[in-house]
Amino acid sequence: MPGPRNTATRRSRGADPGHGDETPAIDLDGVTKRYGDVTALERVSLTVASGEIFGFLGPNGAGKTTLINLLLGFSRPTAGEVCVLGLDVGEHPQRVCARTGVLHERGAVYDRLTGREHVEFAVESAGSDEDPTALLSRVGLAEEASRRAGEYSKGMAQRLLLGMALAGSPDLLILDEPSTGLDPNGARELREIVRAEADRGATVFFSSHVLDQVEAVCDRVGILHHGELIAVDSIDGLRATAESKTTLTVEVDRLPDGVVEAVEAVQGVAGVTVNGTTATVSCDGTAKRDVLSEFEAAGATVETFETSQPSLEDLFVGYTTGTGDDR
Amino acid sequence: MSVTLVARKEFRDAIRSRVLLGLTILFVAFVGGGVVLTSQFPAFGAVGDSTVPSILIGLISPAALFVPVIAILIGYGAIAGERESGSIYTLLGLSHSRADVVAGKIAGRSCVVAVSILAGFAVGAVALYAVSGTVRPVQYLVFTAATFLLGVAYVSIAVAVSATTGSTTRAAWGAFATFVFLNFLWEPIGFLLYFLTSGSTTFELPFPEWLVFFVRLSPASAYQVVATAAMPAGHPLLDGFRAILGAGSDPPLFLESWVAVGILLLWIVLPTAAGYAQFRRTEL
């Protein structure tokens with residue numbers, strides 16, 4: 001239960017943005033969640049360091065909310081271990097929630113209570129003595145504070161839930177699709193809040209189905225697809241991966257026998273497709289020269305060639321659509 | 001305290017939705033109107049000294065139906081409704097434990113029922129004084145307290161049913177079925193057992209003590225015993241009632257009136273515990 005002692009701990013953590021804490025904010029080990037025959041999560045292992053902003057990407061239905069429910073103790077894993085802030089969630093769901101601010105994708109407001117009453121409720125629930133007005137203006141709802149939340153637009157309700165999640169300066173913020181319903185301005189304000197919370201020393205776990213939302217703020221991202229964590233990397237690492245996925249389009253005068261096989265054998269080439277006298281080679285950016293000389297060596301004359309690199313968005317879409325057939 | 005916070009939120013919501021107001025009007029009409037109405041019928045009317053008990057007795061049977069129905073209407077959406085809308089994620093995300101949610105819901109909604117019952121009985125006391133010239137405060141307060149306990153018991157039952165499902169429709173049917181079972185089937189089941197075990201084909205008074213106790217285990221019957229506990233013998237309706245559900249002149253311990261109070265309290269505690277046990281295991 002959130003008592004005054006708890007608040008004091010939080011404040012001292014809040015005042016010291018240092019990352020000296022060795023305990024990971026989130027530590028998942030082989031987490032599997034099944035509903036009957038349906039596997040929602042398959043052996044997910046993930047560590048999010050204290051103080052990190054982690055982007056959790058995946059298309060709708062990938063299992064992001066299922067994972068978040070496990071992090072909060074709202075449901076229990078079929079197998080594996082879920083530790084949040086160094087605590088076993090199954091054993092201490094309240095202690096985890098008391099130190100965590102949650103904006104849940106399925107979370108709703110109470111239609112008949114005002115915005116201010118919501119925030120007051122959150123502040124009191126966190127055992128904090130913050131000024132509700134300050135929180136309301138942080139999320140841009142100061143003007144609408146005395147209106148009933150039932151009259152709020154989707155975006156305003158989302159802001160209200162964000163304001164409630166911030167109450168009590170939590171050590172961990174779990175934001176599940178927080179940009180839903182926000183206009184571009186609101187999305188920018190959200191990013192500013194996320195950065196400010198991270199500067200304070202909080203860990204932010206930011207889930208989204210849109211790469212744009214997390215690209216700008218996150219240190220690292222994980223990509224979830226069909227319940228499996230298929231990539232965990234820094235944004236820079238993802239960029240490097242994108243560069244490595246170069247597509248080389250080569251126009252030749254003719255395609256001698258065996259040239260396709262020869263090009264496929266080149267180090268760094270992932271695949272070759274042919275259409276008439278046009279060959280499309282997917283390869284590492286560094287393999288470009290080797291590919292071209294292989295065409296020449298086989299007796300073909302390269303008339304034109306073109307290289308293209310996927311954007312991060314292409315990469316994300318590729319991750320989450322291309323591998324769908326594997327299952 | 002977390003329970004208090006949840007309870008306060010529930011109460012505030014009842015004020016906003018005008019549920020509290022509507023319910024208060026309903027209870028004022030029920031108790032006040034009931035007092036005036038029953039005093040008009042000769043069977044209930046002024047019979048010398050027993051005016052007050054006879055009017056109150058006239059109210060008991062309707063109250064044993066009316067109060068549960070109202071309490072179920074107040075309680076059935078408590079948790080299923082929050083799961084349906086999604087606000088349960090907000091509530092649990094604010095670190096309220098599931099125990100606090102169940103207890104806070106029951107406490108908050110019981111307060112709503114309590115306030116309206118108290119308002120109703122306050123007006124009823126005035127009406128009673130107006131038609132009979134006296135109130136008999138002990139009898140009246142015992143009657144009021146019993147009605148309050150019955151209301152809280154059914155709020156607990158309804159919230160417990162609400163804790164078992166994520167659909168308010170199912171919660172409503174479940175709570176209604178529980179009400180029908182307890183109010184209309186419990187007693188016949190007791191009599192069925194009586195006929196089966198005694199081989200008798202007619203009612204033979206007095207009933208065996210186990211049967212009286214069994215019937216008293218239902219909240220509505222326990223309520224009737226408690227509500228009339230402070231009333232003296234000598235009124236034909238009350239004596240008739242006691243001949244069936246009563247315990248005779250020298251009752252065994254388990255047929256004392258205070259045991260019936262315990263039964264009502266158990267109907268508050270046990271559903272609360274069962275609702276929590278169910279909700280604790282629920283995966284959201």
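Counting starts from 1 at the beginning of each chain's written sequence and moves along it residue by residue. Chains carry letters from A onward and ligands carry numbers from 1 onward, assigned in written order. Local features in this predicted model are restricted to residues of pLDDT 70 or higher, and side-chain atom pairs are both shown and tallied only at a pLDDT of 80 or more, whereas totals for entire chains, interfaces and linings draw on every residue. Here the side-chain values reflect all heavy atoms present in the structure, with hydrogen atoms and water set aside.

### Overview of the domain arrangement of chain A
To keep things clear, this is the line we draw: Source of the domain bounds: an automatic or database domain assignment.
Each domain of chain A was delimited in the assignment, giving domain 1 (4-235) and domain 2 (246-308). Summarising the inter-unit geometry, the C-alpha centres of domain 1 of chain A and domain 2 of chain A are found 47 Å apart.

### Details of the sheet that holds strand 6 (residues 100-103) of chain A
Residue and element names in this part refer to chain A. We apply this condition: Criterion used throughout: strands pair if DSSP finds at least two bridges between them. The secondary structure listing takes helices from DSSP runs of H or I that are at least 4 residues long and strands from runs of E that are at least 2 residues long, numbered from the N terminus. Only the stretch in contact is used when a helix axis is fitted, and all axes are lines through C-alpha atoms; the angle between N-to-C directions ranges over 0 to 180 degrees. In what follows, residue pairs with any heavy atoms lying within 4.5 Å of each other are defined as contacts.
Ordered in space as 6-7-8-3-9-10, the 6 strands form an open sheet in which the pairing is mixed. Both edges of this open sheet fall to strand 6 and strand 10 (228-234), since each of them pairs with a single strand only. Across the sheet, the axes of successive neighbouring strands diverge by a mean angle of 15 degrees, strand direction being ignored. By the bridge criterion, 6 bridges tie strand 9 (residues 220-225) to strand 10 in an arrangement that is antiparallel. Note that in strand 10 the partner of His225 across the bridge is Glu228. Lying over the sheet, helix 2 (residues 64-71) contacts strand 3 (53-57), strand 7 (172-176), strand 8 (203-208) and strand 9, oriented at roughly 150 degrees with respect to strand 8.

### Observations concerning the pattern of salt bridges
As a reminder of what qualifies: Whenever a carboxyl oxygen of Asp or Glu lies within 4 Å of a side-chain nitrogen of Lys or Arg, that contact is scored as a salt bridge. Buried means the residue's accessible area, taken with a 1.4 Å probe over protein chains only, is under 20% of the maximum for its type, while exposed means over 50%, and partly exposed covers the values in between.
The tally for this structure, following the rule as stated, stands at 21 salt bridges over all chains. Here Glu283 of chain B ties to Lys33 of chain A by a salt bridge, and the two come within 2.4 Å at their closest N and O atoms. With one member in each of two chains, Glu283 of chain B in the segment after helix 12 (257-281) and Lys33 of chain A in strand 1 (residues 26-35) form a pair that bridges those chains. For Glu283 of chain B, a relative accessible area of 29% corresponds to the partly exposed category.

### Remarks on helix 6 (residues 154-166) of chain A
Our working rule: By definition here, a helix of n residues has an expected span of 1.5 Å times n minus one.
End to end, helix 6 of chain A covers 19 Å across 13 residues, agreeing with the expected 18 Å (1.5 Å per residue, within 8%). A large share of helix 6 of chain A lies buried, amounting to 12 of its 13 residues. Buried residues of helix 6 of chain A: Gly155, Met156, Ala157, Gln158, Arg159, Leu160, Leu161, Leu162, Gly163, Met164, Ala165 and Leu166 of chain A, and no others. Looking at the buried side of helix 6 of chain A, the elements it contacts are strand 6, helix 4 (115-125), helix 5 (132-138), strand 7 and helix 7 (184-200) of chain A together with helix 5 (87-93) of chain B.

### Thoughts on the pairing of strand 9 of chain A
Residue and element names in this part refer to chain A. The buried fraction of strand 9 is high, at 5 of 6 residues. Relative to strand 9, strand 3 runs parallel, the two sharing 4 bridges. Residue pairing for strand 9: Leu57 is matched across the bridge by Ile223.

### Details of the packing of aromatic side chains
The following threshold applies: Aromatic rings from Phe, Tyr and Trp, taking only the six-membered ring of Trp, are treated as a pair when their centres fall within 6.5 Å; an angle between ring planes under 30 degrees marks them as stacked, one over 60 as edge-to-face, and anything in between as tilted.
This structure, assessed with the given rule, holds 17 aromatic pairs over all chains. Judged by centre distance (5.8 Å) and plane angle (10 degrees), the ring pair of Phe54 of chain A and Phe205 of chain A falls under stacked. Of this pair, Phe54 of chain A sits in strand 3 while Phe205 of chain A sits in strand 8; the two residues are 151 residues apart in sequence, bridging distant segments of the chain. The interplanar angle of 75 degrees and the centroid separation of 5.2 Å between the aromatic rings of Phe27 of chain B and Phe66 of chain B together place this pair among those described as edge-to-face.

### Things to note about a nonpolar patch on the surface
Residue and element names in this part refer to chain B. To keep it simple, the criterion reads: Residues with no salt bridge and a relative accessible area higher than 30% make up the patches, which join like charges within 9 Å and nonpolar side chains (Val, Leu, Ile, Met, Phe, Trp, Tyr) within 5 Å. In short, Shrake-Rupley with a 1.4 Å probe defines the accessible areas, and a residue's cover is counted only from the protein chains shown.
A surface patch of nonpolar side chains, amounting to about 590 Å² of accessible area, comprises Leu65, Phe181, Phe184, Leu185, Ile189, Leu193 and Trp210. No other element matches the 5 residues that helix 8 (residues 168-198) contributes to the nonpolar patch. Exposure remark for Leu65: the relative accessible area of 35% places this residue in the partly exposed category.

### A word on the nonpolar core
The cut-off we apply is this: Think of a nonpolar core as a cluster: buried Ala, Val, Leu, Ile, Met, Phe, Trp, Tyr and Cys residues, connected wherever their side-chain atoms sit within 4.5 Å.
Counting 153 residues, the largest nonpolar core has Leu28, Leu71, Leu160, Phe205 and Phe206 of chain A together with Phe143 and Tyr223 of chain B as its most contacted members. Leave out the neighbours within four places in its chain, and Leu28 of chain A touches Val44, Ser45, Leu46, Leu67, Leu71, Glu81 and Val82 of chain A. With 17 residues, the next largest nonpolar core counts Leu248, Val269, Ala287 and Phe295 of chain A among its residues.

### Looking at unusual backbone geometry
Even without being a glycine, Glu177 of chain A presents a positive backbone phi close to 50 degrees. Secondary-structure assignment places Glu177 of chain A in the loop between strand 7 and helix 7. Its identity as a non-glycine residue notwithstanding, Arg18 of chain B has a phi of 65 degrees, on the positive side. Positionally, Arg18 of chain B belongs in the loop between helix 1 (2-16) and helix 2 (19-40).

### Quick look at the packing of helix 1 of chain B against helix 6 (residues 98-132) of chain B
Residues and elements named next belong to chain B. What counts is decided by this rule: Oblique is the label for every angle not falling under 35 degrees (roughly parallel), over 145 degrees (roughly antiparallel), or within 65 to 115 degrees (roughly perpendicular). Crossing handedness is defined as follows: a turn of the near helix away from the far one that is anticlockwise and smaller than a right angle gives a left-handed crossing, while the clockwise case is right-handed.
Running from N to C, helix 1 and helix 6 point in directions that differ by 40 degrees, and their axes come no closer than 7 Å. With respect to each other, helix 1 and helix 6 are oriented oblique. Taken as a pair, helix 1 and helix 6 cross one another with a handedness that is right-handed. When helix 1 is examined against helix 6, the residues Ser2, Val3, Val6, Ala7, Lys9, Glu10, Phe11 and Ala14 are found in contact with a partner set consisting of Asp100, Val101, Ala103, Gly104, Lys105, Ala107, Gly108, Arg109, Cys111, Val112 and Val115.

### What to know about the interface of chain A and chain B
What counts here: Note on terms: buried area is the combined drop in 1.4 Å-probe accessible area of two parts once they are placed together, counting the loss on both. What qualifies as a polar contact is a pair of N or O atoms within 3.5 Å, subject to a donor-acceptor requirement within protein and to the restriction that residues adjacent in sequence count only when both atoms come from side chains. Classification used: nonpolar for Ala, Val, Leu, Ile, Met, Phe, Trp, Tyr, Cys and Pro, charged for Asp, Glu, Lys and Arg, polar for all others including Gly.
Facing 32 residues of chain A, the contacting portion of chain B comprises 30 residues. A buried area of about 2600 Å², summed over both sides, lies between chain A and chain B, and 55% of it is on carbon and sulfur atoms. The interface formed by chain A and chain B includes 6 salt bridges. Note that Glu124 of chain A is salt-bridged to Arg8 of chain B, the shortest N-O span being 2.8 Å. The interface formed by chain A and chain B holds 15 residue pairs in polar contact (both at pLDDT 80 or more) in total. Elements with a minimum of two residues in the side of chain A that touches chain B: strand 1, helix 3 (93-98), strand 6, helix 4 and helix 6 of chain A. If one sorts the elements of the side of chain A that touches chain B by residue count, helix 4 of chain A sits on top with 6 residues. Residues of the side of chain A that touches chain B, tallied by class, amount to 15 nonpolar, 9 polar and 8 charged.

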